[in-house]
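This is what each chain is made of:
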Amino acid sequence: MKLLALHLTNVRKFTGKRASITGIGSGITVVSEANEFGKSTFFDAIHALFFEKYSSSAKPVKSLQPYAGGAVEVAADVQTDQGAFRVEKRFLSRKSAKITRLSDGATVAQDDEAERWISALLGTANDGPAGLLWVRQGLVGLEPDSAKEKTQLKETRRDLLSSVAGEIDAMTGGRRMDRVMRRVADNLSEITTRTGRKAGAWKAASDEVVALETELASVTTQVQTLEKALNDRKQSEASLKRLDNADAKARRDEAFTAAKAAMEEARAHVGAVTGARQKRDLAELKATSAQSELDAILKAIDTLQAAEKQAKTSSAAADDAMLEAHSLKAALEAVQILHKRETEAVSETRKQLDVVRRQIVARKSQEEAAQLKRQITKAETVLGERDAARAITKASGATPDWLRRAEAAQGEVSKLNAVVEAQATTLSMTYDGAARVTRNGAIVPAGQPLALDGETFLDLPGIGRMTIHAQAAGEEGKTRLATGESALKDILSHAGAASLQEARRLATTRVEAETKADLAQAVLDTLAPNGIAALRTAKADADLAATGAHNEELPAIADLEAHLMQAEETEEGTQRRLNGTDAEYASSRETTVKLQAAADTAEHTLERANADAGPEDTRAHRRAERLRIQAQEQGALAKTEADLQAMIAAAPDPDTVAAELKRAEDTVTAARQERVQVGERLAALSSEIRTLAGNGIEEHRDELEGQLEAAGATEARFARQAAALTRLQAALDTERDAARDTYFGPVQEELKPLLSILHRDAVLSFDSESLLPTGLMRDQAEETLEDLSGGTKEQIAILTRLAFARLFARQGRHMPIILDDALVYSDDDRIIKMFTALTRVAQDQQILVFSCRQLAFQDLGGARPTVEIAEV
């Protein structure tokens, strides 16, 4: 088959249009167009035409429909050995398929018959050669991502290689080997996974072993728990005796009393130390004050001498600076007038620009308000769903605690019923013939114990009536049973349940309502994390921000910004001039102020220095008096510090005293708490021992051990079967690998000249399972495909497809090769070599190339078809 032309109507971006590619050559044809032209659309449409039913609505078909909807039509003109035909399908609406002979316009087949005609043309139902030869955009390797497509293509490759290598169609490498290996794999897959893990019946047997082992471990644990409980009860009784010893209690109380007395004594000593520390602090304050007064009088005398000298020099400097500042002020006022006019021009332009920008913000706020309105509507709907679910939860009394109480009450009734039945007399029948004993007209079943209470009448056919006087069950047991049943009924009625089964259903309904409410709350938190009121506030803000929005044409921002920039540049120039003049004036004025301030400061300093130093005739006497007082206060400070240190040294350690008191108190408290805990532990252990001893857990353990032994034997049988199949599979793999060279010989023969164009003397190695290349041998070194660059892997994938195309041609199955944006990772040198390989194969093979790399693919040559797009 060769493609002659392609026609798409109402496909994806070609909404309401007919897109056609005509003039497709028999060798290389290149459709080189820009991105988003629709090249991949043509590729997907061709694939749907040949491999999707006309009645299909699957994803590959739906993806062809444009956003506007409508029917999708795809047609291709093809050349076959029987002539030229048009294959066309209409998808999704008024679905149809038709094959038309181009020579006379006759309809060859329609709908389902047309599908069979296409299948016969392709020669297979598994994508056939096209699955190997048609390369989608973005597919670098030889296999697609889908597991189903991988399996289909592997079977296509296996059929092709088995057919071409017909001379080895025997047990090693051909179709018979394939069938046997598939049979072994199928048998193995029934009991194992692909990774060798257990599955099917083996997995079920293994799970049963695990379940029995788990249950046995649980029962064994209960037996061990019973033994441990008995031992723990013995130890608890001994602990209780020890805690009740009178002498030990008296020792604990005596130690606690002594520790409290020691703590009181330590607290009293702390108060005495505090008083001594206060005396020391007062003496330290007096000594510091005396030293400060001495330092002040000495400093005042030194300051007075320095102030007299500074006052004279500061006054002269201030007068000179004031004259210079007056001249600079006049120059500054002239520049300020010019700058004001230019600043007003800039302000006016900015106002115009601000009006335009505010209008843009208002229009965006309009859009935001509309979005918030939709979000509020959705949040209010979810809020209603949440409140409805919460109402169900609130109205239901079937809480988990209520269900646990109901189940506990049902368990108690079952136990009481068992006690009543255990106290009653029972009768069991075994029959040999057809006759049956009846009681009150009802047949007494064989082998089933019948409880007898008081006087009972039995009818024996052919014999007569038997009267049995049985001891009545204890009245106390019946009374307790009736009380338990009444309590169960009361609990169930709290939520309107008539039985425990209905109670569980009501509890499940309540849990589902809680879950629904939680889910609705989570959605509500996402839509309105701060509440619907916050959304409404945000919408109100957006509506307010959108006030004044209109659709009138606005001045161009670029023009306003350019005008503003020019005005700002003029204003900035004047501003720099103003800044310079202002800086000079400010500097001069600052200097004047500083110098005047310095003169004032010097004068004030001189006045303060005279005041601080005092009258000159008393200065010497006041200095001597301050020295005497300072020495006296330092002596008093030394004495109070010595007294404080002596008291601190004699003080008991407060942390040690507190620790001793806490230890004594904790000992008394711990003994009292341990006495209560041991008593509670004894009661719990006694209850646990009664429960475990009454369940017959030892007998249940023996029964489980027998079941586990049987299940283990079944699991071992499946393990042996899996091991045998695995060994057989490995042996068959070994035999097939021995014939691999012959099996892959035809494809290697086609690959060798193509591969040598890129890499001289290079050879590809193939995997016998996937039937795909796994490594490249070149320069006497082998590399796995994973280690190769993306470009090399892409080139090998395309060369391998060319080789498979040659093999299909050997069988008379000519199929076009279609490449959609291939060779995207190839450098300039390699892409030219790949063009050579494509040209070599195209001598007797049709190749259709879609590419957006218009410049690079000029060197490929080949035909350039006509592309037409027209309205329909």
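For every chain, the first residue of its written sequence is number 1, and the numbers climb from 1 along that sequence. Local features in a predicted model are, by the rule used here, given only for residues with pLDDT of at least 70; side-chain atom pairs are given and counted only at 80 or more, and totals for whole chains, interfaces and linings are based on all residues. Each side-chain value is derived from all of the structure's non-hydrogen atoms; neither hydrogens nor water enter the calculation.

Caption draft 1: Seen up close, the overall build of the protein chain. The numbering of helices and of strands both runs from the N terminus, where a helix is a DSSP run of H or I of at least 4 residues and a strand a run of E of at least 2. Of the regular secondary structure elements, the protein chain holds 20 helices and 20 strands. Computation of the radius of gyration draws on C-alpha atoms, with the globule rule given as 2.2 Å multiplied by the number of residues to the power 0.38. Expected size for 872 residues packed as a compact globule is a radius of gyration near 29 Å; at 52 Å, the protein chain overshoots this value by more than 25%. By its C-alpha atoms, the protein chain is 140 × 115 × 70 Å across when sized along the principal axes. Categorising residues by exposure relies on relative accessible area from a 1.4 Å probe, with only protein chains included: less than 20% of the type maximum marks a residue as buried, more than 50% marks it as exposed, and the intermediate range marks it as partly exposed. Counting over 872 residues, the protein chain shows a buried share of 35%. Per-residue and other accessible areas were derived by the Shrake-Rupley procedure at a 1.4 Å probe size, with only the shown protein chains allowed to occlude residues. For the protein chain, the accessible surface area stands at approximately 50,900 Å², while carbon and sulfur atoms represent 52% of it. Neither His nor the chain ends contribute to the count of charged residues, in which Lys and Arg are positive and Asp and Glu negative. For the purpose of locating charges, the reference atoms are NZ of Lys, CZ of Arg, CG of Asp and CD of Glu. Averaged over its 115 positive side-chain charges, the protein chain has a centre that lies 3 Å from the centre of its 135 negative ones.

Caption draft 2: Spotlight on the pairing of strand E5 (residues 83-91). In this analysis, strands are considered paired if DSSP registers two or more bridges between them. The pairing of strand E4 (residues 72-80) with E5 spans nine bridges and is classified as antiparallel. Bridged to alanine 76 within E5 is valine 87. Looking at chain direction, E5 and strand E6 (residues 96-101) are connected through six bridges and run antiparallel. Each bridged residue has a counterpart across the sheet, and for arginine 86 the counterpart in E6 is threonine 100. With antiparallel pairing between neighbouring strands as the criterion, E5 and E6 make up a hairpin whose turn holds four residues, including leucine 92 at a positive phi of roughly 75°.

Caption draft 3: Quick look at empty space enclosed by the protein. Detection works on a 1 Å grid of protein atoms alone, calling trapped sets that fit a 1.4 Å probe cavities and calling open sets with protein on both sides within 12 Å along at least five of seven lines pockets, with lining residues defined by an atom within 4 Å of a point. Grid points are joined across faces, edges and corners, and a volume is the space filled by probe spheres set on the points. Within the structure shown, the criterion is met by one cavity of 30 Å³ or more. Estimated volume of the largest cavity: approximately 40 Å³. Along the walls of the largest cavity sit Met1, Lys2, His814, Met815, Pro816, Asp844, Gln845 and Gln846, which together make up its complete lining. As a working rule, the residues Ala, Val, Leu, Ile, Met, Phe, Trp, Tyr, Cys and Pro are called nonpolar, Asp, Glu, Lys and Arg charged, and the rest polar, with Gly in that last group. Its residues assigned to classes, the lining of the largest cavity comprises three nonpolar, three polar and two charged.

Caption draft 4: Spatial organisation of the packing of aromatic side chains. Aromatic pairing here means that ring centres of Phe, Tyr or Trp (its six-membered ring) are within 6.5 Å. Orientation follows from the plane angle: under 30 degrees is stacked, over 60 is edge-to-face, and everything else is tilted. In the structure shown here, the tally under the stated rule is three aromatic pairs. Counting every residue linked through ring pairs, the aromatic cluster contains Phe14, Phe42 and Phe850. In this structure, arginine 436 is placed above the aromatic ring of tyrosine 431, and the distance from its NZ or CZ to the ring centre is 4.3 Å. For a ring to carry a charge above it, either NZ of a lysine or CZ of an arginine must fall within 6 Å of the ring centroid while also lying within 35 degrees of the normal to the ring plane.

Caption draft 5: Structural view of the environment of alanine 684. In this fold, alanine 684 is placed in helix H15 (residues 654-693). Overall, alanine 684 belongs to the partly exposed group, its relative accessible area being 41%.

Caption draft 6: Representation of the side chain of glutamate 715 within the structure. Mapped onto the secondary structure, glutamate 715 falls in helix H16 (residues 697-738). A relative accessible area of 16% means that glutamate 715 is categorised as buried. Polar contacts here mean pairs of N or O atoms no more than 3.5 Å apart (in protein, one a potential hydrogen donor and the other a potential acceptor; neighbouring residues in sequence count only if both atoms are side-chain atoms). A polar side-chain atom of glutamate 715 sits 2.9 Å from a polar atom in the side chain of lysine 198. In what follows, a contact means two residues having at least one pair of non-hydrogen atoms within 4.5 Å. In contact with glutamate 715, other than residues within four places in its own chain, are Lys198, Trp202, Ala205, Ser206 and Val209.

Caption draft 7: Structural detail: the side chain of threonine 41. On the secondary structure map, threonine 41 appears in helix H1 (residues 39-51). Among residues more than four places away in sequence, those in contact with threonine 41 are Leu8, Val11, Arg12 and Phe14.

Caption draft 8: Broad picture of the packing of helix H19 (residues 790-810) against helix H20 (residues 828-841). Note on geometry: axes are C-alpha line fits, over the in-contact stretch for helices, and angles between N-to-C directions span 0 to 180 degrees. It is the contact of H19 with H20, at a shortest axis distance of 11 Å, that shows an interaxial angle of 5°. By the angle between their axes, H19 is roughly parallel relative to H20. Here H19 contributes Thr792, Gln795, Ile798, Leu799, Leu802 and Arg806 to the contact with H20, which in turn contributes Arg830, Met834, Ala837, Leu838 and Val841. Classifying every residue of the contact of H19 with H20 by side-chain character gives seven nonpolar, two polar and two charged. These descriptions rest on fixed angle ranges, namely under 35 degrees for roughly parallel, over 145 for roughly antiparallel, 65 to 115 for roughly perpendicular, and the rest for oblique.

Caption draft 9: Representation of the pattern of salt bridges in the model. For this document, the term salt bridge refers to a Lys or Arg side-chain nitrogen within 4 Å of an Asp or Glu carboxyl oxygen. Scanning the model with the defined rule gives 31 salt bridges in all. One salt bridge in this structure joins aspartate 459 and arginine 465, with 3.1 Å as the shortest N-O distance. On the basis of relative accessible area, arginine 465 is assigned to the exposed category, the value being 58%. Connected via shared salt-bridge partners are Lys228, Asp232 and Arg681.

Caption draft 10: Quick peek at the sheet that holds E4. Spatial ordering of the open sheet is given by E7-E6-E5-E4-E1-E2-E20, a layout of seven strands whose pairing is antiparallel. Both edges of this open sheet fall to strand E7 (107-110) and strand E20 (866-871), since each of them pairs with a single strand only. Sheet twist, expressed as the average angle between the axes of neighbouring strands with direction ignored, equals 15°. Pairing of strand E1 (residues 2-11) with strand E2 (residues 14-22), which is carried by six bridges, proceeds in the antiparallel orientation. Of the residues in E2, the one forming a bridge with alanine 5 is threonine 22.

Caption draft 11: Main features of the environment of arginine 577. Looking at the secondary structure, you find arginine 577 in helix H13 (residues 557-613). Arginine 577 sits in the exposed class, given a relative accessible area of 52%.

Caption draft 12: Region of interest: the sheet that holds strand E15 (residues 763-766). What the three strands build is an open sheet, ordered E15-E16-E17; its pairing is antiparallel. At either margin of the open sheet sits one strand with a lone partner, and together these are E15 and strand E17 (781-784). If you compare each strand with its neighbour and ignore which way they point, the axes differ by 30° on average. Against the sheet, helix H18 (residues 745-758) touches E15 and strand E16 (773-778), its axis set at about 145° to E15.

Caption draft 13: Just the nonpolar core, in detail. Only buried residues count toward a nonpolar core. Its members are Ala, Val, Leu, Ile, Met, Phe, Trp, Tyr and Cys residues joined through side-chain atoms within 4.5 Å. Core analysis: the largest hydrophobic core is formed by 40 residues, its most contacted members being Leu3, Leu6, Phe42, Phe50, Val74 and Val78. Of all elements in the fold, only E1, E2, H1, E4, E5, E6, helix H3 (111-122) and strand E19 (847-851) reach the threshold of two or more residues within this core. Once residues lying within four places of it in the same chain are set aside, the contact partners of leucine 6 are Ala19, Ser20, Ile21, Ile24, Phe42, Ile46, Ala75, Ala76 and Leu848. If you look at the next biggest cluster of nonpolar residues, it comprises 36 residues, including Val747, Phe804, Ala837 and Phe857.

Caption draft 14: Region of the structure containing the confidence of the model for the protein chain. With 91% of its residues at a pLDDT of at least 70, the protein chain reaches an overall mean of 81. When the elements of the protein chain are averaged for pLDDT, helix H4 (residues 128-133) gives the smallest value, 52, and E6 the largest, 96. Each residue gets a pLDDT score, which is the predictor's confidence in that residue and runs from 0 to 100. Contacts from residues 163-173, a stretch scored under 50 in pLDDT, to residues over four places away or in other chains number 30 contacts.

Caption draft 15: Local environment of unusual backbone geometry. The phi dihedral of glutamate 36 falls on the positive side, at around 65°, and the residue is not glycine. The topology assignment puts glutamate 36 in the loop between strand E3 (28-32) and H1. A relative accessible area of 70% places glutamate 36 in the exposed class.

Caption draft 16: Quick peek at the environment of threonine 192. Among the structural elements, threonine 192 can be located in the loop between helix H6 (175-191) and helix H7 (200-243). When its relative accessible area of 8% is taken as the criterion, threonine 192 is described as buried. Sequence-wise, threonine 192 and alanine 719 are 527 residues apart; in three dimensions their C-alpha atoms are separated by 9.8 Å. Look past the residues within four positions of threonine 192 in its chain and what remains in contact with it is Arg197, Lys198, Ala199, Trp202 and Ala722. At 2.7 Å, the side chain of threonine 192 forms a polar contact with the backbone oxygen of leucine 188.

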